[in-house]
Amino acid sequence: MTSAAPGAPPAASADPPRPGPPGLPAGRPQAGLRRLASRVATLCWVELRKIRHDRTELYTRAIQPALWLLIFGETFTRIHAIAAPNGIPYLDFLAPGILAQSTLFIAIFYGIQIIWERDAGVLAKLMVTPTPRAALITGKAFAAGVRSIVQAAVIVVLSAVLGVTLTLNPLKLLGVALIVVLGSAFFSCLSMSIAGVALSRDRLMGIGQAITMPLFFSSNALYPERLMPGWLQAISKVNPLSYEVSALRWLLIGVPTNLALDTGVLAGATVAGITVSSLLLPRLAR
Amino acid sequence: MTARAGRPARSPAPPGPAAPAIRCAGLRYSFGTHLAVDRVDLLIAAGETFGLLGPNGAGKTTTIRMLTTLLKPDQGTVAVFGVDAAAQPMLVRRLIGYVPQLLSADASLTGRENVELFARLFDVPRRVRGQRVDEALSAMGLTEAGQRLVKTYSGGMIRRLELAQALVNAPRLLVLDEPTVGLDPIARAGVWEFIAGLRQSSHTTVLMTTHYMEEADLYCDRVALMHHGTIRATGTSAELKAGLGEGATLDDVFRHYTGGTLDDDSEQGGIRDVRRARRTARRLG
């Protein structure tokens, strides 16, 4: 008993804390990973409960992609203005792009929640639990992914109803879910980073509005990269949304891409996003 | 033992010379050029109910935020039950249940889900989680209401729910920042009844801030008076009053040490507090 700190809690009493360098939690790396997994699961659980209690957002957020597919998609399919690769119908080409767009819209405003939580004192309460900053951000990023998956399911069904020929391969659909989670995790981290700088809901809304359309139009969501002018191709190359769209396009309708590159870019961007927003989180807690 | 029954692995507080619940020395924190907290020393014994009193902007909340690992002090040290907060913040957090000043439950979840969230964040093992959540809710008289969305709760109920959230981990130290601010007198009495009951049943150490002198007088074992970032006096309410002579109230004591009353202070926080309170009301309304 002498080795345990007097205040040792139940979880630590079997495994006496050893002094670590200041600022780092005591314990083994596996314990840290297990805690990270547990926090991510917890925050995803919260998100699912919230969706269950209030589904209105799910429906209202389905309107915009429906319009894109129905009006823009149907019209541009008819006038053959944009030549999709391999002669596939334009609507089929567009569907994965709209899927990526609608999850982008969910994620890019996710930072509003963290500002709301700060204003309400919820964030302070979360930060007084044994949850490292990075675990909190990772949990929130994946919670945004959970919300996006539910939204993505709505859009996949909608596309199928409109006659888009989609894959039925369960492994590929699982891949779609993974890509959607990664994309949403990255863009929600971007949003939370902006939240950490802007520190107010109104400013975040403004910045969010200002960057969503440029992100969307400078990606390959609406048109193949080869049809873009050179300068736009260059921007598209550094836009993570393009990699998300390419991966989704291969998984859903079979347009060839370098899936390892797409996934790698999204995963790398997500890790970078988590790092930056975790570093900015103390600004919100102050 | 309501809130603590069924805790499996928790050993009782070690006997003998137990570490104090809080020992902090030379705490100092500034926001830019504004020195919010200056040379604050506190020693709070295990099992004590301690009140930190002072007007808005006195530095109470900043002090609390340093004690709960939310802010790193510019200078000074904090130890909670002997655990150094700078060296082992995760360990310190496991010992603390914290209820912030604003009503901070998640209105889009049910009461029970709000408590379960904190049970998960404190790593309460799955096999006892449900039971512990139920106990915490029942200790705060929210068993029935637990199934409802928090949107439908009154202010007093939300405060009790926040206490249930803080209690689900059976903390050794409960930190309450203005636990009754903004509540009507009946809800205030209700919250105090629950805090007092909790103290009797589990001997939890309680640190709270308040600017209601009569509440501090009634419920705190000892109080510290804080003004302009420094602690002006510490002692039992009786000691402090006796120091001033026959018939003095805690309000008189406060006026004596700070040269003002609690109500005339508007130097800080004023408009921000009002805005925040309104926002909270809107969000929950």
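Residue numbers restart at each chain and count upward from 1, following the sequence in its written direction. Here the convention is simple: chains get letters from A, ligands get numbers from 1, in the order in which they are written. Selection of residues for local features in this predicted model requires a pLDDT of at least 70, selection of side-chain atom pairs for listing and counting requires 80 or more, and totals for whole chains, interfaces and linings are taken over all residues.

Draft legend 1. How the structure looks around the overall build of chain B. Numbered from the N terminus, helices here are DSSP runs of H or I no shorter than four residues, and strands are runs of E no shorter than two. When helices and strands are counted, chain B shows 10 helices and 10 strands. Going through the 285 residues of chain B one by one, you find that 49% of them count as buried. Note on contacts: each residue gets a C-beta atom placed from the backbone, and two residues are in contact if those atoms are within 7 Å. Long-range pairs, those at least 24 residues apart, make up 71% of the contacts in chain B between residues at least 6 apart in sequence. Exposed residues have 12 or fewer other C-beta atoms within 10 Å of their own C-beta, buried residues have 20 or more, and residues in between are partly exposed; the C-beta atoms are placed from the backbone.

Draft legend 2. Layout of the environment of E48 of chain B. Residues and elements named next belong to chain B. In this fold, E48 is placed in the loop between β2 (34-44) and β3 (49-53). Along the sequence, E48 and M226 sit 178 residues apart, while their C-alpha atoms lie 19 Å from each other. Non-local contacts of E48, meaning those with residues more than four positions away in its chain, are made with A21, T205, D221 and R222.

Draft legend 3. Representation of the sheet that holds β3 of chain B in the model. Residues and elements named next belong to chain B. Ordered by their spatial adjacency, six strands build an open sheet running β6-β7-β8-β3-β9-β10, and the pairing between neighbours is mixed. In the strand order of this sheet, the two ends are held by β6 (96-99) and β10 (230-235), each with one partner. Taking each pair of neighbouring strands and ignoring which way they run, the sheet shows an average axis angle of 15°. Lines are fitted to the C-alpha atoms to define the axes, a helix being fitted only along its stretch in contact, and any angle between axes, read from their N-to-C directions, falls within 0 to 180 degrees. Against the sheet, helix α9 (residues 250-258) touches β3, β9 (222-227) and β10, its axis set at about 40° to β9. Only strands joined by at least two bridges in the DSSP assignment are considered to pair.

Draft legend 4. Region of the structure containing the confidence of the model for chain B. All names here are of chain B. Per-residue confidence from the prediction method is given by pLDDT, with values spanning 0 to 100. Residues with a pLDDT of 70 or more make up 85% of chain B, whose mean pLDDT is 85. When the elements of chain B are averaged for pLDDT, helix α10 (residues 270-284) gives the smallest value, 52, and helix α3 (residues 111-121) the largest, 97. Residue range residues 1-16 is modelled with pLDDT below 50. Its contacts to residues more than four positions away, or to other chains, number 34 contacts. Contacts from residues 264-270, a stretch scored under 50 in pLDDT, to residues over four places away or in other chains number nine contacts. Per the prediction output, this complex has pTM 0.84; the corresponding ipTM is 0.84.

Draft legend 5. Geometry of the pairing of β9 of chain B. All names here are of chain B. With respect to burial, β9 is a largely interior element, five of its six residues being buried. As paired elements, β3 and β9 share four bridges and run parallel to each other. Note that in β9 the partner of L52 across the bridge is A224. From the end of β9 to the start of β10, which pair antiparallel, there are two residues, and H228 there has a positive phi angle of about 50°.

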